[in-house]
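Architecture at a glance
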Amino acid sequence: YQQTDSAFISEMMVTKRRWWSGDKVELIEIAYGIYYTHRINGGRAEVGDIVEWLEESLNVDLGQAYRMFLDIRRRKTVSYTKFLDEMREAIHKQIDETNSYRKSKKQGLSL
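The shown structure was predicted, so the numbers you read here are calculated from the model rather than taken from an experiment. (Residues numbered from 1 in each chain as written. Predicted model: local features only at pLDDT ≥ 70, side-chain atom pairs only at ≥ 80, totals over all residues. Heavy atoms only, no water.)

With respect to the packing of helix α2 (residues 24-36) against helix α4 (residues 65-73)
At a minimum axis distance of 9 Å, the contact between α2 and α4 shows a crossing angle of 90 degrees. With respect to their mutual orientation, α2 and α4 come out roughly perpendicular. Contact residues: α2 offers Lys24, Val25, Ile28, Glu29, Tyr32 and Tyr36, while α4 offers Ala65, Tyr66, Met68, Phe69 and Ile72. In terms of residue class, the contact of α2 with α4 is built from nine nonpolar, no polar and two charged. (Axes fitted to C-alpha atoms, helices over the stretch in contact; angles between N-to-C directions. Helix = DSSP H or I, 4+ residues; strand = E, 2+ residues; numbered from the N terminus. Parallel < 35°, antiparallel > 145°, perpendicular 65-115°, else oblique. Contact = heavy atoms within 4.5 Å. Nonpolar A, V, L, I, M, F, W, Y, C, P; charged D, E, K, R; others polar.)

Quick look at the structure:
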């Protein structure tokens with residue numbers, strides 16, 4: 001990790017290929033969430049740059065990214081950010097379960 005040689009990083013990443021195993025529209029929610037919260041390059045990254053980065057990083061083709069975002073905007077029966085909401089709930093559930101486990105473990109020790 002001390003080397004700054006990009007060839008080293010590239011070689012390391014090739015041996016650990018990652019891929020997106022969810023729906024493409026879910027990844028588009030993430031891309032636009034990153035874009036609208038200005039979290040890449042101090043907010044100067046374009047949404048196309050973010051989509052391209054996700055495509056390369058997760059070995060997925062998001063060629064119709066803008067069209068998928070239009071579909072997200074048209075959602076009426078579910079949340080605009082269905083997947084992000086699902087992620088939020090999963091994180092909250094995990095934290096709540098971990099906290100309740102710790103509490104029950106501490107209570108069991110004091111008895």
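A few points about the packing of aromatic side chains
The tally for this structure, following the rule as stated, stands at five aromatic pairs. Both rings, one in Tyr32 and one in Tyr36, keep their centres 5.9 Å apart while their planes meet at 35 degrees; by these two values the pair is tilted. Of the two residues, Tyr32 and Tyr36 both sit in helix α2, four residues apart, roughly one turn of that helix. We classify Tyr32 as buried; its relative accessible area is 8%. Take Tyr36: its relative accessible area is 48%, and that puts it in the partly exposed class. Between Tyr36 and Phe69, the aromatic rings sit 6.2 Å apart at their centres with planes inclined by 40 degrees, giving tilted as the arrangement. Pair noted here: Tyr36 is in helix α2 and Phe69 is in helix α4, with a separation of 33 residues, a long-range link. The class of Phe69 is buried, set by a relative accessible area of 13%. (Phe/Tyr/Trp six-rings, centres within 6.5 Å; stacked < 30°, edge-to-face > 60°. Buried < 20%, exposed > 50% of the residue type's maximum accessible area, 1.4 Å probe, protein only.)

Concerning the side chain of Glu26
Among the secondary structure elements, Glu26 is positioned in helix α2. Of the side chains with opposite charge, Lys82 lies nearest to the buried Glu26, which makes no salt bridge, at 6.5 Å. Apart from the residues within four sequence positions on either side, Glu26 is in contact with Trp20 and Phe83. (Lys, Arg positive; Asp, Glu negative; His and termini not counted. Salt bridge = Lys/Arg side-chain N within 4 Å of Asp/Glu carboxyl O.)

Quick notes on unusual backbone geometry
Unlike most non-glycine residues, His38 shows phi in positive territory, near 55 degrees. Within the secondary structure layout, His38 lies in the loop between α2 and α3 (47-58). We note that Asn41 has phi near 55 degrees; this positive angle belongs to a residue other than glycine. The residue Asn41 is located in the loop between α2 and α3 in this model.

Topic: the environment of Thr81
Locating Thr81 in the fold gives a position in the loop between α4 and α5 (82-110). Residues Thr81 and Ile30 lie 51 residues apart in sequence; the distance between their C-alpha atoms is 9.0 Å. Those residues in contact with Thr81 that lie beyond four places of it in its chain are Glu29 and Arg75.

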